[in-house]
Amino acid sequence: MIVELLSGHSVGWLAGLVVALLATGIIAGLLAGLLGVGGGIVVVPVLYHLFTLLGVDESVKMHVAVGTSLATIIPASIMSSRAHAKKGNLDVSLLRTWGPALLVGVLIGIAISGYLRGTTLTAIFAVVALLVAANMAFRGKGLALTDDLPPTPFKQIIGTLVGGFSTLMGIGGGTLSVPLLTAFGYPIHRAVGTAAAIGMVISLPGAIGFLINGLGVPNRPPLSLGYINLAGLALIVPMTMMMAPIGARIAHAVNANRLRQVFAFFLFLTSLRMLYGLL
């Protein structure tokens with residue numbers, strides 16, 4: 001089956017694919033540490049387009065991209081959150097109060113992902129990423145809605161939505177939690193550090209859910225366990241683990257406004273690519 005899927009591609013083309021996956025891991029790791037996004041904002045669209053080039057079936061390629069991305073986020077989030085914790089930028093109390101709501105959202109996302117078409121998952125990823133990018137790009141520097149997160153139960157509702165949408169998008173939670181936390185008065189560096197730990201809460205159960213949902217599903221790419229592609233995982237993860245601490249160190253040398261601009265740039269780029277793919 002592997003030979004059939006890769007037939008028609010030269011050795012040079014396949015070598016380029018390997019290099020592309022390694023480069024994806026490098027960029028994803030840097031973003032995990034720099035922006036607290038777990039790298040999924042890069043991994044999902046890259047895998048989606050690579051699977052398209054390989055001719056992977058439309059019905060499963062987005063699911064495999066999302067599942068594989070969630071799996072790659074696990075080690076990157078661990079490395080990134082440890083680095084941020086050493087800098088004192090990880091809010092443990094928020095993780096304790098928000099964790100259960102995030103987990104509920106993840107479970108909801110897993111449950112409905114098995115019923116969604118690949119194009120629907122793609123649309124969710126592109127639209128939400130575009131909205132978040134616009135918020136980060138155009139919201140004024142230092143502008144916050146309030147000085148603190150809303151009280152219960154609104155805080156838990158927000159956490160559930162973050163967990164659910166992050167799971168459906170294959171991201172670690174930073175893409176949504178960083179702009180939300182800064183909107184509620186969190187300093188950008190503390191929001192990024194806490195988001196890295198949120199990535200662990202979302203990615204581990206999310207990856208397990210996509211693995212289970214994909215078992216026995218036909219037309220998956222070779223070397224896939226459920227909706228997790230082991231080849232992509234093996235090439236991306238080492239790079240993310242190596243680069244995440246470097247990204248975290250860079251984050252503390254960049255001013256808050258510039259960090260927000262970098263975050264918005266990558267989200268705009270990603271969402272536009274995915275919307276173009278839908279059209």
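Cut-offs and rules
Residues numbered from 1 in each chain as written. Predicted model: local features only at pLDDT ≥ 70, side-chain atom pairs only at ≥ 80, totals over all residues. Heavy atoms only, no water. Axes fitted to C-alpha atoms, helices over the stretch in contact; angles between N-to-C directions. Helix = DSSP H or I, 4+ residues; strand = E, 2+ residues; numbered from the N terminus. Parallel < 35°, antiparallel > 145°, perpendicular 65-115°, else oblique. Left-handed = near helix turned anticlockwise from the far one by under 90°. Contact = heavy atoms within 4.5 Å. Nonpolar A, V, L, I, M, F, W, Y, C, P; charged D, E, K, R; others polar. UniProt positions renumbered as here; feature names shortened; annotations may be inferred. Phe/Tyr/Trp six-rings, centres within 6.5 Å; stacked < 30°, edge-to-face > 60°. Lys NZ or Arg CZ within 6 Å of the ring centre and 35° of its normal. Expected span 1.5 Å × (residues − 1).

1. Things to note about the packing of helix α4 (residues 58-86) against helix α10 (residues 230-251)
- For the pair α4 and α10, interaxial distance at closest approach is 8 Å and the crossing angle is 30°. Judged by the angle between their axes, α4 and α10 are roughly parallel. Where α4 crosses over α10, the two elements pack in a sense that is right-handed. Every residue of α10 that contacts α4 at T68, A71, T72, P75, A76, M79, S80, A83 and H84 is listed here: G232, L233, I236, V237, T240, M241, A244, P245, A248 and A251.
- Classifying every residue of the contact of α4 with α10 by side-chain character gives 13 nonpolar, 6 polar and no charged.

2. With respect to the UniProt feature "transmembrane region" (unreviewed entry) in the protein chain
- UniProt records the feature "transmembrane region" (unreviewed entry) for residues 15-48, 98-116, 121-138, 158-184, 191-212, 224-247 and 259-276 in the present numbering.
- Between the first and last C-alpha atoms of residues 191-212 the distance is 32 Å; the span itself is 100% helix and 0% strand.

3. Structural notes on the packing of aromatic side chains
- Tallying each qualifying case throughout the model produces 1 aromatic pair.
- The cationic tip of K61 hangs over the ring face of Y48; the distance from NZ or CZ to the ring centre is 4.7 Å.

4. Things to note about helix α9 (residues 188-214)
- With 27 residues, α9 should cover 39 Å at 1.5 Å per step; its first-to-last C-alpha distance of 37 Å lies within 8% of that length.
- Residue G216 follows α9 closely and has a positive phi angle near 80°.

5. Overview of unusual backbone geometry
- Positive phi values are uncommon outside glycine, yet N219 reaches one of about 70°.
- Here N219 shows up in the loop between α9 and β1 (224-225).

6. Let's talk about the side chain of S69
- Within the secondary structure layout, S69 lies in helix α4.
- Setting aside residues no more than four positions away along its own chain, S69 makes contact with G40, V43, V44, L47 and G170.

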